[in-house]
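Commentary on secondary and tertiary structure
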Amino acid sequence: MGITNFPAALQPIIQQGFLEREFEQALHSKLGYRMVADRETFAVGIGETLTKTRAGLKPSVTKPVAAATNTNFDNGLTPQGWGVEQYTVTLNFYAATQDLNMVTSRVGIASQFLQNAATNGEQAARSLDELARNALFNPYFGGNTRVTTTLTSAGPTIEVDDIRGFSTVFVNGVQTPVSSTNPLTATIGGNVYTIVSATPDVNNASTAPGGISGKLTCSGNVTVADGTAGEPVVAATASTIVRSADRGSTGQLQASDLLTMSALLDAVATLRRNAVPEIDGVYNCYLDPVSARQLFADPDFRQLFQGATSANAVFRQGMINDFLGLRFITTTEAFVQPHPSIPNLLIRRPIVCGRGALIEADFAGMGADDVAPKDALVHIVDGVAMVTREPIDRLQQIIAQSWYWIGGFCAPSDTTTTPNTVPTATNANFKRAVMIEHVG
């Protein structure tokens, strides 16, 4: 049988005088974002969307009860309540498959069956890690953007690069669309305005990863100075983004704005201000190798270890473990974005996370007997179903190797933690992670 009679996709892996008997493994991503997620089981029979409610705290009491008011049945006290907030996880179905002809595969120089299984597993792991990354970053991008088109004259509407974080406000713990009844306070340029509407563009032109370009409408006119292209737009409830040289927006970053130890410590300080719990004693910092390399070149970082280079694991291993309140985890899945205005520059985004920054909900019914009978080749590996279907074609030669996952990720909010309950806290809706932006 000539090799040319085989499908084109199989021809390169058929024995043609080569000695190799195994597939060489391709390069693959270094994952990490899914590690920060707290896993929860999404029970069967409760629909496809799960809403959880988190109870808040009551303000501290620092004034004594006046003797003159300690009367009647209420003893002069006014009943207090505690706030609530809600976050929602939605189930989605993700899957991929590939076929294998068990007859023609026997001519190959290596086991295609095992290679297919390994490739499917890598694809599933990488897919879930990117889903986790997107769910983690989306809310922490929110409320931080910039003007994209300069106003010709003072007016209420401005065009911005990203409307995430400006389209909803929390009302009694529930995200509610921004309106004149439920407005959002934001700083545009150098002044404070009240936003009453956020409208996405028909054709998305945002430069931010996952961003949604659009228009923000205020209750009053925005000055031309504040509505000039490049001016930062920051919601009062925006998450903290640490930028080198205290730049106001992504577009203002310059070529000299590299990652520094000072920026990382600022991120840690912000998490501690918000009383965010640590993960096994430290916060996790996810960063790509270029960000890590810049950190090793930072003068403050180098001075800290001066004279102890050979003995310290930081330099021996080339990466940091449990250091200064941070656990550094390198990943190749980090967002890398071209600079919005300066050619040949890239924006990189390490993110520092505390416990509870991300929730993963795995559907409990994936491995049920009625879905995967006992004699079926279905195995649940790290929450993912790996499926091998027996041949059902006429010649009983073609098997299918697949994977699927049913679940979802979400980043819960912390709107009930305010300066009234934790004096050092910020007003950010999402407090359990801090993003850092730098050039690299």
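Our subject is the structure that appears above.
A quick note: this is a predicted structure, and the numbers were derived from the prediction, not measured.

What follows concerns the side chain of Asp162. The topology assignment puts Asp162 in the loop between strand 6 (155-160) and strand 7 (168-171). Here Asp162 falls in the buried class, since its relative accessible area comes to 2%. Separated by 2.7 Å, the side chains of Asp162 and Arg164 make a polar contact. Filtering out sequence-adjacent residues up to four positions away, Asp162 remains in contact with Phe141, Thr145, Ser206, Ala208, Gly211, Ile212 and Ser213.

Tracing the chain through its elements places Tyr283 in strand 14 (residues 283-287). Classification of Tyr283 by relative accessible area gives buried; the value is 1%. Tyr283 sits twelve residues away from Leu271 along the chain, and the two C-alpha atoms are 8.8 Å apart. For Tyr283, the contacting residues outside a window of four places in its chain are Val268, Leu271, Arg272, Val276, Pro277, Glu278, Gly325, Leu326, Arg327, Val352, Cys353 and Gly354.

So, about the sheet that holds strand 12 (residues 232-235). Spatially, 5-12-9-10-11-6 is the arrangement adopted by the six strands of the open sheet, whose pairing is antiparallel. Pairing within the sheet leaves two strands with one partner each, and these edge strands are strand 5 (144-146) and strand 6. Averaged over neighbouring strand pairs, the angle between their axes works out to 35° when direction is ignored. With five bridges joining them, strand 6 and strand 11 (residues 214-222) adopt antiparallel strand pairing. Paired with Thr157 across the two strands is Thr217, which belongs to strand 11.

Within this structure, the stated rule accounts for ten aromatic pairs. The interplanar angle of 25° and the centroid separation of 5.8 Å between the aromatic rings of Tyr94 and Trp405 together place this pair among those described as stacked. Highlighted residues: Tyr94 in strand 4 (residues 92-101) and Trp405 in strand 22 (residues 398-410), separated in sequence by 311 residues. By relative accessible area, which is 28% here, Tyr94 ends up partly exposed. On the basis of relative accessibility, which here comes to 0%, the residue Trp405 falls in the buried class. Through a chain of ring-to-ring contacts, the aromatic side chains of Tyr33, Phe137, Phe141, Tyr286 and Phe335 assemble into a single cluster.

Thresholds, definitions, all that
- Residues numbered from 1 in each chain as written.
- Predicted model: local features only at pLDDT ≥ 70, side-chain atom pairs only at ≥ 80, totals over all residues.
- Heavy atoms only, no water.
- Helix = DSSP H or I, 4+ residues; strand = E, 2+ residues; numbered from the N terminus.
- Buried < 20%, exposed > 50% of the residue type's maximum accessible area, 1.4 Å probe, protein only.
- Polar contact = N/O pair within 3.5 Å; in protein donor to acceptor, adjacent residues only side chain to side chain.
- Contact = heavy atoms within 4.5 Å.
- Pairing = 2+ DSSP bridges.
- Axes fitted to C-alpha atoms, helices over the stretch in contact; angles between N-to-C directions.
- Phe/Tyr/Trp six-rings, centres within 6.5 Å; stacked < 30°, edge-to-face > 60°.

Purely spatial values, then, with no claim about function.
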